[in-house]
Amino acid sequence: NTRDESDITDQSKPRLSELQGAVSLKNLSFSFHTKNLNPVIQNVNLEIKAGQFVAIVGQSGSGKSTLVKLISRLYEPTTGSIEIDGCNISKIELYSLRKQLGVVPQDSLLFSGSIADNIRLKNLDINLDKVQEAAKIAMAHDFIMQQDDGYATKVTERGSSLSGGQRQRISIARAIVNSPKLLIFDEATSALDYISEKSICENLMSKNNRVTTIFVTHRLDSVLNADKIIVMDEGLVVEQGSHQSLMTNKGKYYSLYKSQNR
Ligand code: ADP
Ligand code: MG
């Protein structure tokens, strides 16, 4: 056995390179006010196993974005905790945490440069094969190939030559290409058609090495096969389970589903 750099670790810090991607929320509450007034997240308990695909649904204003922002540590919980692989994220060095996350917001920015560079950013370790592999999962490959210069096609900051949905696909590929341990989509597919959104979900779910995925969406039909669906209402997780079990419950999810599938 030879020694290598991995022998030298800061024992007091978790070795983030070995993250599995299990997420656990414990009695999590959050308020935008300093005194715990009008909590936007109220006593949420949630267990996500490594590799699971978990959908978060609920009316707008129910706290979905705030919840995922807490998980990416853009906010600190007012009470309770968030653990990734059993590690309280407020005790993990922020940069090393963010490096493990792939977060796709609703409106991501492109910069002036080629499509390939917009996907791999400045990381030259990512070769074109990897870029294409990510773009395929993100349902971006086909439209990219139809551009004049394929992956070398230049785009501008506003991405004016691209539609909103195409820009979203590029930013999804950008998150996937870094092989994060946890992928978070916050209505990142809002400008996509239903078929593409559903295909992205299915691509992520059918990968051999599944990455833990938290997928916030309005369209319940896209996430019927999720391992778990979390239903939020006014800052509370009011229901959670598989599509089938939630339909049987005939609760909030059932009414949401019925309202979308008349
Ligand atoms: P969703 O993503 O489900 O639409 P949000 O998490 O964005 O819900 O919002 C949940 C609640 O928190 C809403 O009542 C919203 O008005 C409030 N809220 C969101 N962001 C802020 C903020 N930065 N400051 C104060 N209140 C906020
Ligand atoms: Mg939101």
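Everything numeric here is computed off the predicted structure, so don't read it as measured data. (Residues numbered from 1 in each chain as written. Chains lettered and ligands numbered in written order. Predicted model: local features only at pLDDT ≥ 70, side-chain atom pairs only at ≥ 80, totals over all residues. Heavy atoms only, no water.)

Visitor: Is there a simple way to explain helix α9 (residues 252–260) in this structure?
Guide: Spacing of three or four residues puts side chains on the same side of an α-helix, whose turn is 3.6 residues. Turning to α9, its buried residues are Tyr253, Leu256 and Tyr257. Projected down its long axis, α9 shows its buried positions confined to an angular sector of 95 degrees, all on one face. Residues of α9 that are buried sit in contact with β3 (53–57), β11 (228–233), β12 (236–241) and α8 (243–249). (Buried < 20%, exposed > 50% of the residue type's maximum accessible area, 1.4 Å probe, protein only. Helix = DSSP H or I, 4+ residues; strand = E, 2+ residues; numbered from the N terminus. Arc of directions from axis to C-beta. Contact = heavy atoms within 4.5 Å.)

Visitor: Explain the layout of surface pockets to me, please; I cannot follow it from the model alone.
Guide: To find leftover empty space, a probe the size of one water molecule is rolled over the atoms. Its volume calculated, the largest pocket comes out at about 530 Å³. Along its surface, the largest pocket is lined by 21 residues, and Arg98, Leu101, Gly102, Val103 and Asn178 are the ones closest to its centre. Going through the elements one at a time, α2 (94–100), β6 (101–104) and α6 (164–177) are the ones with two or more residues in the lining of the largest pocket. Of the residues belonging to the lining of the largest pocket, the class tally is nine nonpolar, eight polar and four charged. (1 Å grid on protein atoms, 1.4 Å probe; cavity = no way out; pocket = protein on both sides within 12 Å on 5 of 7 lines; lining within 4 Å. Points joined across faces, edges and corners; volume = space filled by probe spheres on them. Nonpolar A, V, L, I, M, F, W, Y, C, P; charged D, E, K, R; others polar.)

Visitor: Where do I start with helix α1 (residues 64–71) in this structure?
Guide: In terms of burial, α1 is largely enclosed, as six of its eight residues are buried. Where α1 is concerned, the buried positions are Lys64, Thr66, Leu67, Val68, Leu70 and Ile71. Count one or two residues on from α1 and you reach arginine 73, which has phi positive near 60 degrees.

Visitor: Could you clarify how one ought to interpret the site of ligand 1 in this entry?
Guide: Within the structure, ligand 1 sits among Phe32, Val40, Gln59, Ser60, Gly61, Ser62, Gly63, Lys64, Ser65 and Thr66. Here glycine 61 contributes a backbone N or O atom positioned 2.6 Å from an oxygen atom of ligand 1. Within the contact set of ligand 1, an oxygen atom lies 2.9 Å away from a side-chain nitrogen or oxygen of serine 65. Protein chains bury 55% of the 560 Å² of accessible surface belonging to ligand 1 in isolation. (Near = heavy atom within 4 Å. Polar contact = N/O pair within 3.5 Å; in protein donor to acceptor, adjacent residues only side chain to side chain. Areas by Shrake-Rupley, 256 points an atom, 1.4 Å probe, with all protein chains shown as cover.)

Visitor: Is there a simple way to explain the pattern of salt bridges in this structure?
Guide: Side chains that carry opposite charge are capable of pairing whenever their charged atoms lie near each other. Considering all chains together, one arrives at eight salt bridges under this definition. Arginine 210 is the partner of aspartate 227 in a salt bridge, and the nearest nitrogen-oxygen pair spans 2.4 Å. Linking aspartate 227 in the loop between β10 (212–216) and β11 with arginine 210 in the loop between α7 (194–206) and β10, this pair joins segments that are 17 residues apart in sequence. Judged by its relative accessible area of 33%, aspartate 227 is partly exposed. (Salt bridge = Lys/Arg side-chain N within 4 Å of Asp/Glu carboxyl O.)

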